[in-house]
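Structural characterization, general
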Amino acid sequence: MLVELNNVSLHLPSSRNRKNKQTQNNKIGLNFIERFVGNKFFVLKNLNLKIENGRYALIGGNGAGKTTLLRLLSGIYVPTKGSLNLSQYALPLLNKSVLTSPILTGIEASKAHYFFVKARYGNFAKKFENIDQFVDSVFDFAELNDVRTIPLNQYSDGMLSRLIFALYTSITHPFLAIDEGLGMADENFYKKSQKRFDDYISNSSLILMASHSEGLLRKHCDKAILMEEGEITFCGSISEAFKIYRK
């Protein structure tokens, strides 16, 4: 599995209101403000990176560009300039993006996710004979069979977290882009999920994981990419990355 970025930059449309809001939210100084040029925001700037198999933590503060890089590697964004060479796009595990609409029932949302991933990444689920078997497996693990026909907007946050976790970890892929780990809901479900999550990521050749939890990153990653103000400033061991980050 290969990821190679050569002078990759990404500019997104912005506005004066967005500039003011982002500046206030990030409470970052002049360097952050200078990333706004006209009506564009320089989200990623001149990234150069070449990595192959391994487990990489993405480390950096708010606004560093971690989630944007994961979206870029997942094909959600296309570079404004530079070249991006991937063996294949990452499967994005990005918070609640798996749930396309809150008015869908649990079953409908699960089927929508199944068809989207299958269309984009091919026949991913050899262990499932059909879509109904996939849905049954998701709801059995999430312990949500009694609410599978209820719209998602009637689910509690804990129920949504269970469903998202079960959906994500039902689909294996050699390249994963994980943002903030995976919400595993309440403590009992968290304990149940630990082995499943460990087994899940063990099936992947390359993992990039962004999180503010040092413990989570150290548990699952031994390498790291350090980001600051939309740039990559270090790529190497996770211990060295945290030493640099704390300076």
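For the structure itself, look to the data block above.
This is a predicted model, so every value here is computed, not measured. (Residues numbered from 1 in each chain as written. Predicted model: local features only at pLDDT ≥ 70, side-chain atom pairs only at ≥ 80, totals over all residues. Heavy atoms only, no water.)

**Some thoughts on the pattern of salt bridges**
Tallied over the full model, the rule gives seven salt bridges. Across the salt bridge formed by Glu-143 and Arg-162, the nearest N and O atoms sit 3.1 Å from each other. With a gap of 19 residues between them, Glu-143 in the loop between helix H5 (131–142) and helix H6 (157–168) and Arg-162 in helix H6 connect regions that are remote in the sequence. Under the relative-accessibility criterion, Arg-162 is labelled buried at 14%. For Glu-143, the salt bridge is made with Lys-192, and the minimal N-O distance between the two is 2.9 Å. Taken as a pair, Glu-143 in the loop between H5 and H6 and Lys-192 in helix H7 (residues 187–202) lie far apart in primary sequence, 49 residues in all. By relative accessible area, Lys-192 is classed as partly exposed at 32%. (Salt bridge = Lys/Arg side-chain N within 4 Å of Asp/Glu carboxyl O. Helix = DSSP H or I, 4+ residues; strand = E, 2+ residues; numbered from the N terminus. Buried < 20%, exposed > 50% of the residue type's maximum accessible area, 1.4 Å probe, protein only.)

**Some details on the sheet that holds strand S7 (residues 175–179)**
The six strands are arranged S6-S7-S8-S4-S9-S10 in an open sheet whose pairing can be described as mixed. Among the strands making up the open sheet, the edge pair consists of strand S6 (91–94) and strand S10 (231–237). Between one strand axis and the next, the sheet turns through 15 degrees on average, direction left out of account. Where strand S4 (residues 54–59) and strand S8 (residues 206–210) come together, five bridges link them in parallel fashion. In the strand pairing of S8, Leu-58 is matched with Ala-210. Against the sheet, helix H3 (residues 66–73) contacts S4, S6, S7, S8 and strand S9 (223–228), and its axis sits at roughly 150 degrees relative to S7. (Pairing = 2+ DSSP bridges. Axes fitted to C-alpha atoms, helices over the stretch in contact; angles between N-to-C directions. Contact = heavy atoms within 4.5 Å.)

**Thoughts on H6**
Along its 12 residues, H6 runs 16 Å from first to last C-alpha, staying within 8% of the 16 Å computed at 1.5 Å per residue. Counting buried positions over the 12 residues of H6 gives nine, a clear majority of the element. For H6, every residue scored as buried is listed here: Leu-160, Ser-161, Arg-162, Leu-163, Ile-164, Phe-165, Ala-166, Leu-167 and Tyr-168. (Expected span 1.5 Å × (residues − 1).)

**Details of the packing of aromatic side chains**
Inspection of every chain in the model, using the stated rule, returns six aromatic pairs. Taken together, a centroid distance of 5.5 Å and an interplanar angle of 65 degrees make the contact between Phe-141 and Phe-189 edge-to-face. Placement of the pair is Phe-141 in helix H5 and Phe-189 in helix H7, with a sequence separation of 48 residues. Its relative accessible area of 13% is what places Phe-141 among the buried residues. By relative accessible area, Phe-189 is classed as buried at 1%. (Phe/Tyr/Trp six-rings, centres within 6.5 Å; stacked < 30°, edge-to-face > 60°.)

**Quick word on the packing of H5 against H6**
Orientation of H5 relative to H6, taken along the N-to-C sense of each, is 135 degrees, at an axis distance of 9 Å. Between H5 and H6, the angle is such that the two are oblique. Our pair here, H5 against H6, has a crossing hand that is right-handed. Here Phe-134, Val-138, Phe-139, Phe-141 and Ala-142 of H5 come into contact with H6, specifically with Arg-162, Leu-163, Phe-165, Ala-166 and Leu-167. (Parallel < 35°, antiparallel > 145°, perpendicular 65-115°, else oblique. Left-handed = near helix turned anticlockwise from the far one by under 90°.)

**Some details on the side chain of Ser-74**
Mapped onto the fold, Ser-74 is located in the loop between H3 and strand S5 (81–86). Reaching out from Ser-74, the side chain makes a polar contact with the backbone oxygen of Leu-70 at a distance of 2.8 Å. Sequence-distant contacts of Ser-74, that is, excluding residues within four places in its chain, are made with Tyr-89, Ala-90, Leu-91, Pro-92, Arg-120, Tyr-121 and Ala-177. (Polar contact = N/O pair within 3.5 Å; in protein donor to acceptor, adjacent residues only side chain to side chain.)

**Section: unusual backbone geometry**
Even without being a glycine, Asn-7 presents a positive backbone phi close to 50 degrees. Take Asn-7: its relative accessible area is 45%, and that puts it in the partly exposed class. At Asn-46, a position not held by glycine, the phi torsion is positive, near 50 degrees. Here Asn-46 shows up in strand S3 (residues 40–51).

**Thoughts on the nonpolar core**
One finds Ile-59 and Leu-163 to be the most contacted residues of the largest nonpolar core, which totals 46 residues. With residues up to four places along the chain from it excluded, the contact list for Ile-59 reads Lys-66, Leu-217, Ala-224, Ile-225, Leu-226, Met-227, Ile-238, Ala-241, Phe-242 and Tyr-245. (Core = buried A, V, L, I, M, F, W, Y, C linked by side-chain atoms within 4.5 Å.)

**Remarks on helix H4 (residues 106–121)**
Counted at 1.5 Å a residue, the expected span for H4 with its 16 residues is 22 Å, and the 22 Å between its end C-alpha atoms agrees. Tucked inside the fold, the buried residues of H4 contact S6, H5 and H6.

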